[in-house]
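Spelled out from the first residue to the last, the chains are:
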Amino acid sequence: INPNFFDLPEVAKDLKFIFPLFAEDFITHIYEEEKMHFGYIERLHNATKNEFNPHKIFEDLNQNSIQAILNEHQEDDDEMEGIRELTNNYELKKNSGIYTKTVYLELRKFEEDLKIHAYIENEILFPKALAIETEINNRLYNLSKLN
C-alpha cells in the first residue's frame, strides 16, 4: 500500500501496518480450523458411519468440545472491526480516488465473505457437529453400561 495513492495517507499508513497482522492472525485461524476443528468433526462423523475404537473416540471427546469451539468462534467473528474503525466503515468521499475506492470495495467484499463463512460455520456446521458429538457421547455411555 502506497500512502501517496490514498486520499488519506495516514489511513494508508495504518492499514499498511495493521493488515499484515490481521492477515497473519486470519491465516493462523484458518489453519487451526482445518487441522484441529474440522479434523475432529470429521472423526466424529466417521464414528457415526463405522465401527469405532471406543478408547480413541473417548480421548478425542475429552480433548475437544464442539461447544468450546463454537464459543471461541463466536468471540472471533468480528475480525474486521479494527479495519472498519480505521477506514470509518470504508467511507468514501465524493472525491475519493480510484485506489481508495478499490481497496475499500475489496475490504468490504472480503468482510461480506467472512460473514457468510461465519454464518455457515455457526448456524449450520457447528450445530450439526454438536448433534453428532452428542450422539457419539450417548453411544459411548450406552456402551459403557454394557461393561
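It should be noted that the structure appears before, not after, this text.
What this report covers is the structure whose coordinates are included nearby.

The rules behind each value
- Residues numbered from 1 in each chain as written.
- Predicted model: local features only at pLDDT ≥ 70, side-chain atom pairs only at ≥ 80, totals over all residues.
- Heavy atoms only, no water.
- Phe/Tyr/Trp six-rings, centres within 6.5 Å; stacked < 30°, edge-to-face > 60°.
- Helix = DSSP H or I, 4+ residues; strand = E, 2+ residues; numbered from the N terminus.
- Buried < 20%, exposed > 50% of the residue type's maximum accessible area, 1.4 Å probe, protein only.
- Core = buried A, V, L, I, M, F, W, Y, C linked by side-chain atoms within 4.5 Å.
- Contact = heavy atoms within 4.5 Å.

Focus: the packing of aromatic side chains
So, point 1. Taken as a whole and judged by the stated rule, the model has five aromatic pairs.
So, point 2. When the centroid spacing of 5.6 Å and the interplanar angle of 40° are considered together, the rings of F19 and F22 count as tilted. Here F22 and F19 lie together in helix α1 (residues 9-49), a separation of three residues that amounts to about one turn.
So, point 3. By relative accessible area, which is 32% here, F19 ends up partly exposed.
So, point 4. Measuring from ring centre to ring centre gives 6.0 Å for F22 and F26, while their planes differ by 15°; the resulting arrangement is stacked. Separated by four residues within a single helix, F22 and F26 lie in helix α1, roughly one turn from each other.
So, point 5. Residue classification places F22 among the buried positions, given a relative accessible area of 9%.

Considerations on the nonpolar core
So, point 1. Judged by nonpolar contacts, the single largest core of 15 residues is most densely connected at Y40, L44, I57, L61, I66, F126 and I136.
So, point 2. The dominant element in this core, judged by the number of residues it contributes, is helix α5 (residues 98-146), at five residues.
So, point 3. Look past the residues within four positions of I66 in its chain and what remains in contact with it is Y40, I41, L44, F126, A129, L130 and E133.
So, point 4. The next biggest cluster of nonpolar side chains, apart from the first, holds 13 residues, and it includes F22, F26, M80 and L114.

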